[in-house]
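The chain contents come next:
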Amino acid sequence: MYEILAKEVLAPTIKKLKVKAPLIAKKTKAGNFIILRVDEKGERIPLTVADYERKTGIITIIFQEVGYSTKLLGRMEPGDKIQDIVGPLGHHIDLEGYQKVVLLGGGSGTALLYPKVRAFYEQGAEVISITGARTKNLVILEEELESFSDRVFIATDDGSYGHKGYVTDILKDLLIQEKDIDLVVAIGPVPMMKAVSDLTAEYEIETIVSLNTIMVDGTGMCGACRVTVGGERKFTCVDGPAFDAHQVDFEELINRLNFYQNEENLVHSQAVEEDN
Amino acid sequence: MSLQKKKTPMKEQKAEKRIRNFDEVPFGYTKEEALVEADRCLQCKHKPCVEGCPVGVPIPQFIQALKNGNPEEANQIIKSKNNLPAICGRVCPQEEQCEAKCVMGIKNEAVAIGRLERYVADYNLEKETAESSKSELEKLKIAELTDKKVAVIGSGPASLAAAADLAKSGLKVTIFEALHKTGGVLRYGIPEFRLPKTIVEQEVESIKKLGVEIKLNVVVGKSITIEELFEQNYKSIFIGVGAGLPRFLNIPGENLNGVYSANEFLTRVNLMKAFKYPEYKTPVAVGNKVAIVGAGNVAMDAARTAKRLGAEDVYVVYRRSEEQMPARSEEIHHAQEEGIEFKLLNNPIAIKGEKGKVKAMECQKMELGEKDNSGRRRPLPIKNSNWDLELDTVIIAIGQNPNPLLTANTKDLETKSWGGIKVDSGQKTSREGVYAGGDIVTGGATVIQAMGAGKKAAQNIKNYLLEKSKK
Ligand SMILES: Cc1cc2nc3c(=O)[nH]c(=O)nc-3n(C[C@H](O)[C@H](O)[C@H](O)COP(=O)(O)OP(=O)(O)OC[C@H]3O[C@@H](n4cnc5c(N)ncnc54)[C@H](O)[C@@H]3O)c2cc1C
Ligand SMILES: Cc1cc2nc3c(=O)[nH]c(=O)nc-3n(C[C@H](O)[C@H](O)[C@H](O)COP(=O)(O)OP(=O)(O)OC[C@H]3O[C@@H](n4cnc5c(N)ncnc54)[C@H](O)[C@@H]3O)c2cc1C
Ligand code: SF4
Ligand code: SF4
Ligand code: FES
Ligand SMILES: [Mg+2]
């Protein structure tokens, strides 16, 4: 069992938990994720390690409540215990050799982006962060991004904060004005990652996306997380989660994320009932 | 009294009833049935049956103890060689192993060794107390080994067998398992109706009682490396990580929604208990028409599971013929009784979809040609014979490769071209102090073969540590 030590509500549906998990804290690098099971009847869900403290053995997870399991986790409080956590899983991302990097986070994807922002910054690269959300109160981690970026841009769909529009609008301007960007990293909803990928493909700039496929074991055993990258079958949990954006079959990914929509809606409505 | 020619039958749930539940199919012998069956054993002096058992269970001796009305003693006799008898009695392919060699099988049916083993094990699972075995255990301890640390990676049958034997000699054994539950394939692969998980739990408990510590949620190679285990003073390491990487067909449409690897399908249902969805939160979607590609034990398990989840039509699609199906005949028979339809001599060509979901599978009819190198008649495609099988779900059960997660993250551990770990005849790998066994060495095999390898490795680990302690 893994004890929750602290909780913070970043936005109404985005929560941050600090959890005691020494073995994982010791080993995590930017880009790794964990898989957890909230309780004995729970499913296994993957979440990025947003932050870690090697000395104290604490990891941070940040998640958006989108369905049953994330809601259940969101209801937990300091002192409560998470049944199982395994990790760190997946490849961490390779930071060597990049001078100027633009990192884009959409929605809770910003949480997944943050450890990479920090890692590139600490590595000495020039870091430009762009974060986007539907509306102002969903913008998260602004301060954290500020501390580890040379520049931060914010976009909201409704214009209630920062640029009105999409993160890709800002990216496009940057790509036009600044010719020395050598890497773009995008993490967020699949349509956003696809839009970024399409844009950077035009400018022929190396782009990495972190894929959020459905997972079960996270060790390469089940194949639920398979994606097509460059025409080949890859398992996101062991071959990824980061891939060359220009090679990813996004249409297939979007479809596969809907595999269990009917079943998910069923337990989700159960959870809503429990709430009422 | 003349000798009963046939095996004493084992009662089982009726097919119409069992396809609506996940309860175990055969009930196991009653005491009376077990005694009748035990009487069929001729107590052969040369014991050919024992040779057929990969771990050398003293078969006539345990049957004799049973006949003498002493099931506790029978259990101890079995357990001297096999730590998981309740499991092996259920899932061993006895017809190819111990029972294949039984003298009774020459003219009549072999003695039902597996069923008797199951009877003895079940009888004692209920009775077993920690006390009864303590004094026995003291005797097995080896002074030079006591309290030295050994790490066992994975908790499938190879690892459980190795851990038990190592612990019995007084070694301090820690098992590291990637999943949140122990047992490997016994837990996530073989379904409840063939091997109830309470049995796996009880068998694991009895191994814990030997002093084995179990750490779950640890992926060796990721959470901790082999180097770090040595740094933490583990003196030797056993690797039993299995062959868990699912193969796919490499035909169009395999990434449509509705296509599963057998591993994913069975893991969702067994490990995650999706058959109790929505009480348990892991979903599985099976629909009404399901095809399983392949015809081994895994395919039969997937087919019978799909039926129990409510699918109306379940097909096994296989490109060879009935005689060539690799599954145990008992399982094929069970599947047939449960209404699984066999579409033999059919090769999947493509999976077709509509709105991102499986709609049909295109199959090509095959016929048997000349014998190939393996002595099996090779299936050849029949021209213009393609047809569509309408489906909601396709489950691919054509085998597993070794999972490269550990080997890829471990230095100096030699592997074979197909990914299996290289070992010598004593299960020793290319790294000093590191041994391996089970499916990660042989590719997909059987529970008892994996256990045999685990036991052999344990013996050699003990020898290695004894040798070292002398220096
Ligand atoms: C490597 C990786 C890292 C991730 N990191 C984060 C993170 O840091 N923060 C965050 O908010 N989210 C993250 N996600 C997404 C997160 O795992 C899903 O939002 C979560 O599993 C949804 O579960 P649910 O029961 O709450 O929702 P559900 O209603 O069950 O599902 C909502 C949607 O989430 C997806 N999903 C469902 N089950 C799973 C599953 N077992 N595994 C993966 N996706 C699933 C499906 O597309 C589904 O339609 C990550 C995903 C991956 C693959
Ligand atoms: C569906 C199915 C049905 C079968 N039916 C039968 C049958 O009826 N009879 C029979 O004899 N055989 C059967 N088999 C085959 C048999 O189950 C296997 O041969 C046997 O389980 C192999 O044992 P093992 O210990 O080598 O590995 P596994 O049982 O595969 O166990 C390996 C364990 O190691 C863990 N692991 C993997 N990587 C790591 C890591 N890096 N760190 C930590 N842990 C790790 C895995 O999570 C797993 O728990 C069946 C197999 C399947 C899939
Ligand atoms: S362990 Fe398996 S092969 Fe050996 S005697 Fe028992 S059933 Fe037969
Ligand atoms: S071969 Fe058959 S009859 Fe002979 S001892 Fe073994 S089980 Fe008994
Ligand atoms: S989650 Fe099972 S193989 Fe990736
Ligand atoms: Mg869910």
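The rules behind the values
- Residues numbered from 1 in each chain as written.
- Chains lettered and ligands numbered in written order.
- Predicted model: local features only at pLDDT ≥ 70, side-chain atom pairs only at ≥ 80, totals over all residues.
- Heavy atoms only, no water.
- Helix = DSSP H or I, 4+ residues; strand = E, 2+ residues; numbered from the N terminus.
- Buried < 20%, exposed > 50% of the residue type's maximum accessible area, 1.4 Å probe, protein only.
- Contact = heavy atoms within 4.5 Å.
- Areas by Shrake-Rupley, 256 points an atom, 1.4 Å probe, with all protein chains shown as cover.
- Lys, Arg positive; Asp, Glu negative; His and termini not counted.
- Charge placed at Lys NZ, Arg CZ, Asp CG, Glu CD.
- Rg over C-alpha atoms; globule rule 2.2 N^0.38 Å.
- Pairing = 2+ DSSP bridges.
- Right-handed = clockwise from strand over helix to strand, strands pointing away.
- Core = buried A, V, L, I, M, F, W, Y, C linked by side-chain atoms within 4.5 Å.
- Near = heavy atom within 4 Å.
- Nonpolar A, V, L, I, M, F, W, Y, C, P; charged D, E, K, R; others polar.
- Polar contact = N/O pair within 3.5 Å; in protein donor to acceptor, adjacent residues only side chain to side chain.
- Expected span 1.5 Å × (residues − 1).
- Axes fitted to C-alpha atoms, helices over the stretch in contact; angles between N-to-C directions.
- Buried area = accessible area lost by both parts, 1.4 Å probe.
- Salt bridge = Lys/Arg side-chain N within 4 Å of Asp/Glu carboxyl O.
- UniProt positions renumbered as here; feature names shortened; annotations may be inferred.

## Notes on the overall build of chain B
Now for step 1: Helices and strands together make up the secondary structure of chain B, namely 19 helices and 16 strands.
Now for step 2: On the principal axes, the C-alpha backbone points of chain B span a range of 70 × 65 × 50 Å.
Now for step 3: For chain B, buried positions account for 59% of its 471 residues.
Now for step 4: Taking the intrachain contacts of chain B between residues at least 6 apart in sequence as the baseline, contacts between residues at least 24 apart amount to 70%.
Now for step 5: Accessible surface, chain B: about 19,700 Å² in total, of which carbon and sulfur atoms supply 49%.
Now for step 6: Within chain B, one finds 71 positive and 61 negative side-chain charges whose respective centroids are separated by 2 Å.

## Topic: the overall build of chain A
Now for step 1: Broken down by element type, chain A carries nine helices and 17 strands.
Now for step 2: By the compact-globule yardstick of 19 Å for 276 residues, chain A fits well, its C-alpha radius of gyration being 18 Å.
Now for step 3: Expressed along its principal axes, the backbone C-alpha trace of chain A runs to roughly 50 × 40 × 40 Å.
Now for step 4: For chain A, buried positions account for 57% of its 276 residues.
Now for step 5: In the form shown here, chain A has an accessible surface area of approximately 11,300 Å², with 47% of it arising from carbon and sulfur atoms.
Now for step 6: Mean positive and mean negative side-chain charge positions of chain A (30 and 43 charges, respectively) differ by 5 Å.

## So, the pairing of strand β14 (residues 207-210) of chain A
Residue and element names in this part refer to chain A.
Now for step 1: Judged by which residues are buried, β14 turns out to be covered on both faces: T207 and V209 on one side and I208 and S210 on the other are all buried.
Now for step 2: Pairing analysis gives three bridges linking strand β13 (residues 183-187) to β14, with the strands arranged parallel. Following the sheet pairing, A186 is matched in β14 by V209.
Now for step 3: With helix α6 (residues 190-203) bridging β13 and the parallel β14, this β-α-β connection has right-handed handedness.
Now for step 4: Relative to strand β17 (residues 242-244), β14 is paired through three bridges, and the arrangement is antiparallel. Across the sheet, the residue bridging to V209 is F243, located in β17.

## A few points about the nonpolar core
All names here are of chain B.
Now for step 1: Counting residues in hydrophobic clusters, the biggest one holds 72 residues, and the most contacted among them are I59, F62 and I87.
Now for step 2: Top contributing element to this core by residue count: helix α19 (residues 447-470), with nine residues.
Now for step 3: For I87, the residues in contact, after removing those within four places along its chain, are C92, L186, L195, I199, V200, E203 and V447.
Now for step 4: Counting residues in each nonpolar core, the second largest holds 34 residues, with A295, A299, Y318 and A327 among its members.

## A look at unusual backbone geometry
Now for step 1: The peptide bond linking G87(A) to P88(A) adopts the cis configuration, its omega dihedral lying at -5°.
Now for step 2: Positionally, P88(A) belongs in strand β8 (residues 84-89).
Now for step 3: That bond from Y277(B) to P278(B) is cis: its omega, 5°, falls within 30 degrees of zero.
Now for step 4: Tracing the chain through its elements places P278(B) in the loop between α14 (262-271) and β7 (289-293).
Now for step 5: Even without glycine at this site, Q43(B) takes up a positive phi of about 55°.
Now for step 6: When you line up the elements, Q43(B) lands in the loop between α2 (31-38) and α3 (48-52).
Now for step 7: A relative accessible area of 25% places Q43(B) in the partly exposed class.
Now for step 8: Located in the positive-phi region is N233(B), a residue other than glycine, with phi close to 75°.
Now for step 9: Inspection of the secondary structure assignment puts N233(B) in the loop between α13 (226-231) and β4 (234-239).
Now for step 10: Using a relative accessible area of 42% as the deciding quantity, one classes N233(B) as partly exposed.

## Some words on the site of ligand 4
Now for step 1: The environment of ligand 4 is made up of C41(B), L42(B), Q43(B), C44(B), P48(B), C49(B), P60(B), C102(B), V103(B), V111(B) and I113(B).
Now for step 2: Along the lines of polarity and charge, the residues of the shell around ligand 4 split into ten nonpolar, one polar and no charged.

## A short note on the side chain of K100(A)
All names here are of chain A.
Now for step 1: Checked against the element boundaries, K100 lands in strand β9 (residues 100-106).
Now for step 2: Judged by its relative accessible area of 5%, K100 falls in the buried class.
Now for step 3: A distance of 2.5 Å separates the side chain of K100 from the side chain of E178, its partner in a polar contact.

## Quick word on α6(A)
Residue and element names in this part refer to chain A.
Now for step 1: Over its 14 residues, α6 extends 20 Å from the first C-alpha to the last, a length consistent with the 20 Å expected when each residue adds 1.5 Å.
Now for step 2: Inspection of α6 places V190, M192, M193, V196, S197, L199 and T200 among the buried residues, and these make up the whole buried set.
Now for step 3: Downstream of α6 by one or two residues, E204 has phi in the positive range, about 55°.

## Considering the sheet that holds strand β8 (residues 313-318) of chain B
All names here are of chain B.
Now for step 1: Reading across from one edge, β6-β14-β7-β8-β9 is the order of the five strands in this open sheet, with parallel pairing throughout. Every other strand in the sheet has two partners, leaving β6 (259-261) and β9 (341-344) as the edge strands with one partner each. Going from strand to strand, the sheet's axes swing by 20° on average, the running direction of each strand aside.
Now for step 2: Its contacts with the sheet place α14 against β6 and β14 (393-396), and it is angled at close to 85° to β6.

## Overview of the interface of chain B and chain A
Now for step 1: Across the contact, 44 residues belong to chain B and 43 residues belong to chain A.
Now for step 2: Summing both partners gives a buried area of about 3,900 Å² for chain B against chain A, and 53% of it is carried by carbon and sulfur.
Now for step 3: By the criterion of area lost to chain A, the three top residues of chain B are K222(B), N255(B) and K281(B), representing 19% of everything that side buries.
Now for step 4: Joining chain B to chain A, the criterion identifies four salt bridges.
Now for step 5: Close ionic contact of K27(A) with E228(B) constitutes a salt bridge, the shortest N to O distance being 2.9 Å.
Now for step 6: For the pair chain B and chain A, the number of links is 24 residue pairs in polar contact (both at pLDDT 80 or more).
Now for step 7: Contributing elements (two or more residues each) for the side of chain B that touches chain A: β5 (245-246), β6 and α14 of chain B.

## Quick notes on the UniProt feature "binding site: [2Fe-2S] cluster" (unreviewed entry) in chain A
Now for step 1: Mapped onto this structure's residue numbering, the UniProt feature "binding site: [2Fe-2S] cluster" (unreviewed entry) falls at C222(A), C225(A) and C237(A). Of the residues just listed, which span 16 residues, no C-alpha pair is farther apart than 10.1 Å, and they cluster in one region.
Now for step 2: In this fold, C222(A) is placed in the loop between β14 and β15 (226-229).
Now for step 3: Looking at C222(A), the relative accessible area reads 2%, which means it is buried.
Now for step 4: Non-local contacts of C222(A), meaning those with residues more than four positions away in its chain, are made with V216(A), D217(A), P246(B), S261(B), N263(B) and E264(B).
Now for step 5: For C237(A), a relative accessible area of 2% gives the class buried.

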